[in-house]
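Summary of structural features
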Amino acid sequence: LQELQSPSPRNADTRYGVPFGETCIDVVAMTDRTEDIIRVYSVDRATRRLTRIDDGLVYTHDNYGFTLYQHSDGQLWGLTGDRYSGLMRQFALIDNGAGQMSGFETSWTFHETRVEGVVADDETGYYYIGEESVGIWRVGVFDHTDRTLIATVGDATGLEGDIEGLALYYAAGGEGYLIASSQGANKFTVIDRKPPHRGRGNFRVEGVRLTDGIDVLNMSLNATYSQGIFAVHTGGSTCCSVRGVAWEDIASALGLVMDTGYWDPRNPCAPGPLGPATHTLAPVADAPVSESQPSTNFRTSTTLRVKSQPGASFQSFLRFDLGG
């Protein structure tokens, strides 16, 4: 559909129903490691083409990993880390009143070892952060001292390093799953979204290895993905295609929920433009971060294999995801 130029594009994320000026838009945001910025694009709902709307001034330092968080009122935040220091930084992304998206770094921080895989739970207000060689942290979007190590490399969940892509499957009543790419073992680890975050099993996808990015969607798309889709990057000699797996293949084998009716990422737009005063995150400043202990209440891990669909059928997911 379109080719966009960027010196060193890295991670990307999408949100719908974002207040912007007097209207409501859908956005794709991404990090660029050469420019050290967050780029933001609006999506034309008719053509599905992107138009850049950021002011080019949302500087991130040397970025590594990225996710968006969208509050119930539509306000956006971006979270990214530093490739070398492991420091995670949060940025409020706001309408600057001049037809562009601006941003500022908040006082929220997370500083452990290197992180690339991150995902935000828009319902509960938590980030899930994959510390590559250690485990997965749950950290409050508005309170970085609210932090819990919910799974560790080598524990009963079957999680193995490096931990890379993270994705959330939403279901009613706070149910659903956090899925992690256990890259070093060429497999995917499923953990309950709801505390105490029990392990639900592991699976591999035929022909897929060295996975970085993943995503999952519960919605019915077409005959191939009638119960949702798990999208997975594959690296190595076949780098870097993205393959689709029918969610029912995974859910049936591991005894997981298939809920196509609860979660729709196309949120309605909150009325009126928003700005940084809407929430109580301060501009960047040093703040202490407390430690917490990991949960040890997990189920025994299992492993299975599922087949991926060819790239042609996955294209239907891309059209659905970006077409309003």
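Preceding block: the structure.
**Here we look at the sheet that holds strand β3 (residues 37-43)**
Reading across the sheet, the four strands line up as β1-β2-β3-β4 and stay open at both edges, with antiparallel pairing between neighbours. Sheet topology places β1 (9-20) and β4 (50-52) at the edges, where each strand pairs with a single neighbour. Across the sheet, the mean angle from the axis of one strand to that of its neighbour is 30 degrees, orientation sign disregarded. Both strand β2 (residues 23-32) and β3 contribute to a ladder of seven bridges, which runs antiparallel. Of the residues in β3, the one forming a bridge with Asp26 is Val43.

**Side note on the nonpolar core**
Counting residues in hydrophobic clusters, the biggest one holds 20 residues, and the most contacted among them are Ile179, Phe188, Phe203, Phe230, Trp247, Ile250 and Leu256. Sorting elements by how many residues they give to this core places helix α1 (residues 247-254) first, with four residues. Every residue in contact with Phe188, bar those within four places of it in the chain, is listed here: Ile179, Ala180, Ser181, Gly201, Asn202, Phe203, Val205, Val208, Thr211, Ile214, Phe230 and Val232.

**Considerations on the sheet that holds strand β11 (residues 135-140)**
Taken together, four strands build an open sheet; the order of strands is β9-β10-β11-β12 and the sheet is antiparallel. Taken across any chain shown, the strands that pair with only one partner, and hence form the sheet edges, are β9 (115-121) and β12 (147-152). With strand direction ignored, the average angle separating the axes of adjacent strands in the sheet is 20 degrees.

Rules and cut-offs
Residues numbered from 1 in each chain as written. Predicted model: local features only at pLDDT ≥ 70, side-chain atom pairs only at ≥ 80, totals over all residues. Heavy atoms only, no water. Pairing = 2+ DSSP bridges. Helix = DSSP H or I, 4+ residues; strand = E, 2+ residues; numbered from the N terminus. Axes fitted to C-alpha atoms, helices over the stretch in contact; angles between N-to-C directions. Core = buried A, V, L, I, M, F, W, Y, C linked by side-chain atoms within 4.5 Å. Buried < 20%, exposed > 50% of the residue type's maximum accessible area, 1.4 Å probe, protein only. Contact = heavy atoms within 4.5 Å.

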